[in-house]
Structures are given as C-alpha cells and as structure tokens.
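Inside the fold
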Amino acid sequence: MTNPSDQEAPIEAVTDPASEVDRLCAELAEAQDKAKEHLDGYLRAVAEMENVRKRAQRDVESASRYAIERFAGELLDVRDSLELGIAAGPGADPARLLEGMEATLRLINKAFEKSGITVLDPLGQPFNPEFHEAMVTQPTADQPAGTVLAVIQKGYVLNGRLLRPARVVIARAPEPAAPPEAAS
C-alpha cells in the first residue's frame, strides 16, 4: 500500500518549450535593442562633449590672442596724433605743439577709461604699500608721517588689478632737534 504522503506532488504542467524559447528570444532582442540605443546615446554624448571641449579651447585661445584688440584699436588714434605732432614739429609753434600733446593725452586717457585702466595719482593720500612704491622718505612737519608728499611716477590699475605701482616720496616725522650742548 502506498501512503498518500509518500506520493510526490503533481508536477505543474510545463509550458511548451518552443514557446518559452520564443519568449526568451524576444526578451533578448528587446534587451539588445535597448543596449544598442543606450550605447548610441552614450557615443553621441561623448562626441558632443569632445566638440564642446574643442570649441571652448578655441575660444580661450582666441580670447588670449586677441584680448587687447579693442585697446589696440583705441591706441591707433593716439599713434596718429603723435605722428602728426612729430611731422609738424620742426616749424611748429610751441603753443600748438603743446595743444597737440594735450589732445594726445586726452586720447590716451579715453582709451584707458574704455579699457578699464585707471591712473593712480596718490598725492596727499596715506601711503598704501599695495599700490605705492616708496622711493624715498622726506622729513616734514607740514604733513603727517606716512603721507605721499610727491609722485615721482604715476601708477596704473586694470580693473582693480595693479599694473604698476605709483612711485612716491613719503613724509616722515622730522628729526628732533639736538639739544644745545651745555657751555663748559
């Protein structure tokens, strides 16, 4: 006699092996299509990033090569003015030459202003080692110590960045007078 517990559980009906293979082949084909689509997207993104990198590199090279183009264009008027002054020089009236030099200076100041260059002329201001270069100190009672007494050479700043410090004479306290020696 057989014991009902000894009987094996009924085996579920196995689907048709051919249809199972067809289903798996369809899933594989779908997965391969998705993988191909993702690979294509990845390759396009890599190519686009390479194009962006090359374009940015060209832009940086162009910007550094032609960065002063606008300023150089402004200086052409200054050069023209100087050439006219030199050409007129031998027989020119000194007053007219001075007038021409002043006009040339206005042109250069205009070019500087358009390019973000400002002049440092610190006469009477406190000495600032970030923007001034002390050439000499001079004793004086007229100004407080550390004040700029004279500007030997003006300085220049480009958009807040120092191009050249102003070379200056700085005030210092006068030496105390030596007490007169006692007569013996």
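Residues numbered from 1 in each chain as written. Predicted model: local features only at pLDDT ≥ 70, side-chain atom pairs only at ≥ 80, totals over all residues. Heavy atoms only, no water.

**Comments concerning the sheet that holds strand 6 (residues 166–172)**
Taken in spatial order, the 3 strands of this open sheet run 2-6-3, and their pairing is mixed. Each of the sheet's edge strands pairs with one partner strand only, and the pair in question is strand 2 (132–139) and strand 3 (148–153). This sheet shows a mean twist of 25° between the axes of neighbouring strands, independent of strand direction. In terms of strand pairing, strand 3 meets strand 6 through 4 bridges, oriented antiparallel. (Pairing = 2+ DSSP bridges. Helix = DSSP H or I, 4+ residues; strand = E, 2+ residues; numbered from the N terminus. Axes fitted to C-alpha atoms, helices over the stretch in contact; angles between N-to-C directions.)

**Thoughts on the packing of helix 2 (residues 69–88) against helix 3 (residues 94–115)**
For the pair helix 2 and helix 3, interaxial distance at closest approach is 9 Å and the crossing angle is 175°. In terms of orientation, helix 2 and helix 3 fall into the roughly antiparallel class. Here Arg70, Phe71, Glu74, Leu75, Asp77, Val78, Ser81, Leu82 and Gly85 of helix 2 lie close against helix 3, whose contacting residues are Leu97, Gly100, Thr104, Leu107, Ile108, Ala111, Phe112, Lys114 and Ser115. Of the residues in the contact of helix 2 with helix 3, the class split is 9 nonpolar, 5 polar and 4 charged. (Parallel < 35°, antiparallel > 145°, perpendicular 65-115°, else oblique. Contact = heavy atoms within 4.5 Å. Nonpolar A, V, L, I, M, F, W, Y, C, P; charged D, E, K, R; others polar.)

**Quick look at the pattern of salt bridges**
Overall, the coordinates contain 8 salt bridges when judged by the stated rule. Note that Glu20 is salt-bridged to Arg23, the shortest N-O span being 2.6 Å. On the criterion of helical spacing, the pair formed by Glu20 and Arg23 is a turn pair, its members being 3 residues apart in helix 1 (residues 17–65). Salt bridges sharing partners connect three or more residues here, namely Glu20, Arg23 and Glu27. (Salt bridge = Lys/Arg side-chain N within 4 Å of Asp/Glu carboxyl O.)

**Points about unusual backbone geometry**
We note that Asn159 has phi near 45°; this positive angle belongs to a residue other than glycine. Note on placement: Asn159 falls in the loop between strand 4 (155–158) and strand 5 (161–164). By relative accessible area, which is 62% here, Asn159 ends up exposed. (Buried < 20%, exposed > 50% of the residue type's maximum accessible area, 1.4 Å probe, protein only.)

**Observations concerning the pairing of strand 4**
The side-chain alternation of strand 4 yields one buried face, formed by Gly155 and Val157, and one unburied face, formed by Tyr156 and Leu158. Strand direction decides the pairing type here: strand 4 and strand 5, joined by 3 bridges, are antiparallel. Bridge assignment links Val157 to a residue of strand 5, and that residue is Leu162. Between the antiparallel neighbours strand 4 and strand 5 lie 2 residues, among them Asn159 with a positive phi of about 45°.

**Concerning the environment of Ile170**
Relative to the helices and strands, Ile170 is located in strand 6. On a C-alpha basis, the gap between Ile170 and Gln125 in space is 9.8 Å, while along the polypeptide they are 45 residues apart. Not counting the four nearest positions on each side in its chain, Ile170 is found in contact with Phe127, Ala134, Val136, Thr137, Gln138, Gly146, Thr147, Val148 and Leu149.

**Examining the packing of aromatic side chains**
All chains considered together, the criterion is met by 2 aromatic pairs. Counting every residue linked through ring pairs, the aromatic cluster contains Phe71, Phe112 and Tyr156. (Phe/Tyr/Trp six-rings, centres within 6.5 Å; stacked < 30°, edge-to-face > 60°.)

**Some thoughts on the layout of surface pockets**
By rolling a water-sized probe across the atoms, one finds the places where empty space is left. In this structure, the largest pocket occupies an estimated 300 Å³ of space. If you go around the largest pocket, you meet 13 residues; those closest to its centre are Gly85, Arg96, Leu97, Gly100 and Met101. For the lining of the largest pocket, the elements supplying multiple residues, two or more each, are helix 2 and helix 3. Across the lining of the largest pocket, the residue classes tally to 7 nonpolar, 4 polar and 2 charged. (1 Å grid on protein atoms, 1.4 Å probe; cavity = no way out; pocket = protein on both sides within 12 Å on 5 of 7 lines; lining within 4 Å. Points joined across faces, edges and corners; volume = space filled by probe spheres on them.)

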